[in-house]
Amino acid sequence: MLYHIVTYGCQMNVHESEKIAGTLHGEGYTFCGDIDKADLIVFNTCCIRENAEKRVFGNIGALKKRKMTDAGLKIAVLGCMTQQKDAAARLKKKFPFVDIVLGANNLHLLPYYLKLNDKKNSVKIEEADTYDINISVDTFRTSFPNAWVNIMYGCDNFCSYCIVPYVRGREVSRSPKDILNEVNFLIGEGYKEITLLGQNVNSYRYEDCDFSGLLCELSKIDKKFRLRFMTSNPKDFSDDVIDAMNLSKNICKHIHLPVQSGSDRILKLMNRKYTAKRYIELIEKIYGNIDNALVSTDIMVGFPTETDEDFCETIRLTETCKFSQAFTFIYSPRQNTLAAKMPDIDAEIKKQRIGELIRVQNKITKEISDSFKGKTEEVLIDDYKDGYFMGRTDNGRLVRFKKRESYEVGDFVRIKIFASKSASLAGEII
Ligand code: SF4
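Residues numbered from 1 in each chain as written. Predicted model: local features only at pLDDT ≥ 70, side-chain atom pairs only at ≥ 80, totals over all residues.

1. Regarding helix H2 (residues 50-61)
Given a rise of 1.5 Å per residue, 12 residues ought to cover 16 Å, and the 17 Å separating the end C-alpha atoms of H2 matches this to within 8%. Of the residues making up H2, those classed as buried are Glu 53, Val 56 and Ile 60. Projected down its long axis, H2 shows its buried positions confined to an angular sector of 55°, all on one face. Residues Asn 51, Lys 54, Gly 58 and Gly 61 are exposed on H2 and point more than 90 degrees away from its buried face. (Helix = DSSP H or I, 4+ residues; strand = E, 2+ residues; numbered from the N terminus. Expected span 1.5 Å × (residues − 1). Buried ≥ 20, exposed ≤ 12 C-beta atoms within 10 Å, placed from the backbone. Arc of directions from axis to C-beta.)

2. Quick word on the domain arrangement of the protein chain
Along its sequence, the protein chain is organised into domain 1 (2-120), domain 2 (143-252), domain 3 (278-371) and domain 4 (376-429). Domain 2 and domain 4 are separated by 26 Å when their C-alpha centres are compared. Counting from both sides, the interface comprises 8 residues of domain 2 and, opposite them, 7 residues of domain 4. (Domains from an automatic or database assignment. Contact = placed C-beta atoms within 7 Å.)

3. Quick word on the pairing of strand S17 (residues 388-393)
Pairing geometry for strand S16 (residues 376-385) and S17, over 6 bridges, is antiparallel. The partner of Asp 383 across the bridge, within S17, is Met 390. As paired strands, S17 and strand S18 (residues 398-402) are joined by 5 bridges and run antiparallel to one another. The residue bridging Phe 389 from the neighbouring strand is Phe 401, located in S18. (Pairing = 2+ DSSP bridges.)

4. A word on the site of the ligand
The ligand sits among Cys 155, Asn 157, Phe 158, Cys 159, Cys 162, Val 164, Pro 165, Gln 199, Asn 200 and Asn 233. Partitioned by chemical class, the residues of the shell around the ligand number 6 nonpolar, 4 polar and no charged. (Near = placed C-beta within 6 Å. Nonpolar A, V, L, I, M, F, W, Y, C, P; charged D, E, K, R; others polar.)

5. What to know about the pairing of S16
Alignment of S16 against strand S19 (residues 412-420), held across 5 bridges, turns out to be antiparallel. Looking across to S19, one finds that Thr 376 is bridged to Lys 416. Counted along the chain from S16 to the antiparallel partner S17, the turn is 2 residues long, and its residue Asp 386 has a positive phi close to 50°.

6. So, helix H8 (residues 211-219)
Among the residues making up H8, those that are buried are Phe 211, Leu 214, Leu 215 and Leu 218. One side of H8 carries all its buried residues, which in axial view fall inside an arc of 100°. Where H8 is buried, its residues touch helix H7 (176-188), strand S11 (209-210), strand S12 (226-230) and helix H9 (239-247).

7. Overview of the sheet that holds strand S13 (residues 254-256)
Read across the sheet, 3 strands follow the order S13-S14-S15 without closing on themselves; strand pairing throughout is parallel. At either margin of the open sheet sits one strand with a lone partner, and together these are S13 and strand S15 (325-330). Geometrically, the sheet is characterised by an average inter-axis angle of 15° between neighbouring strands, direction not taken into account. Both strand S14 (residues 294-301) and S15 contribute to a ladder of 6 bridges, which runs parallel. If you follow Asp 298 over to S15, its bridge partner there is Phe 327. (Axes fitted to C-alpha atoms, helices over the stretch in contact; angles between N-to-C directions.)

8. Observations regarding the sheet that holds strand S1 (residues 2-7)
As a general point, the strands of a sheet are linked pairwise by backbone hydrogen bonds and lie either parallel or antiparallel. Across the sheet, 5 strands lie side by side as S2-S1-S3-S4-S5; this open sheet has parallel pairing. Each of the sheet's edge strands pairs with one partner strand only, and the pair in question is strand S2 (30-31) and strand S5 (100-101). Sitting on the sheet, helix H1 (residues 11-26) touches S1, S2, strand S3 (40-45) and strand S4 (74-79), and the angle it makes with S1 is about 165°. In this fold H2 packs onto S1, S3 and S4, with an angle of close to 165° to the strand it touches most, S3.

9. Observations concerning the packing of helix H12 (residues 308-321) against helix H13 (residues 347-370)
H13 packs onto H12 with a crossing angle of 15° between their chain directions and a minimal axis gap of 10 Å. Considering their axes alone, H12 and H13 lie roughly parallel with respect to each other. Two packed elements cross with a definite hand, and for H12 against H13 that hand is right-handed. Of H13, the residues touching H12 (which contributes Phe 311, Thr 314, Ile 315, Thr 318 and Glu 319) are Arg 353, Leu 357, Val 360 and Gln 361. Within the contact of H12 with H13, the residues separate by chemical class into 4 nonpolar, 3 polar and 2 charged. (Parallel < 35°, antiparallel > 145°, perpendicular 65-115°, else oblique. Left-handed = near helix turned anticlockwise from the far one by under 90°.)

Dropping the structure here:
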């Protein structure tokens, strides 16, 4: 039997798709790159932003005709979109031809429901509030030489615009021992870059071990590998983490630190629990203490009641912080969140503001890229296409360079940078 998975959303979901694939391989399924040939199509959904949800509906709807003529085809919809209150029931009503609907915390139950579906042609919708960290599933990894490792699940922060705490449940952290075992295993398997995943890794805690303690433990692994982590909430980013990054030769000097807004009034409405001043101080501390550190961010424009002055403060913060990259979003209301009850602002204004923000950030990104010209950087090769390798510097810049026969994906190479585009660098192996 052949399966195909369509993944929406962030790295967290990409890794969850690897776990879904792992459970399917255990049942004798084989991956098929062509969705039209698959016997089982799995949609691993995301509900954090409205357009991801719209795409899911469009893609499921497009299968209706095929499902009518192909009795053997099974369709499963999984992920955080289906974990929303009543969402699974609504989905089954809108698309009755879907065979299986499971919430984000129940992905491991897919093989069980596939068997049940074979016998009864109907499926009970399962929901669970919190991820059970005792569940262990095989993972079919697809990102060599990078490997994702969950260190925690869920979120306790309830940012007013965000649906994650409602669909992913409360925070639970894995034990340092389990994480260490998994990382050691992956390095033994030849993986060269480990990314620790959590909605807010800085609030990781297991008994008396916090996030900086976990980083210190992982840094003791005496092998050549890179350690990255995401995502960080600025309110919990401690000096101890900065110290751990500074002292470790393995932890990469790149931090993704979503700021969302530069206006204290908006940050308060967002329930982010830091001010623009505190955020800028944190950035100064990072740049001042960690050599060659780069910071990327997420910024949202058009949050309810955002004024021109609020937006100007976001622009000022963006110019001050000199982000290497910013993922910019237009606010869209998410069901059952506090912000969804606040007065929305004009769509045209949102559009103008995001255009202006992208223009400002592109200029900064280009300046940072230009500053790499003439430097020599260590790059981990992580992809190959059309005669060129792709890889990243320690601090996260994408580099493209000509393939050489003696090297392969997973090798560390020294690259002399000779040109820069906005989002990437060009170089040659030396
Ligand atoms: S920290 Fe805020 S934005 Fe991030 S997942 Fe939690 S609630 Fe959502």
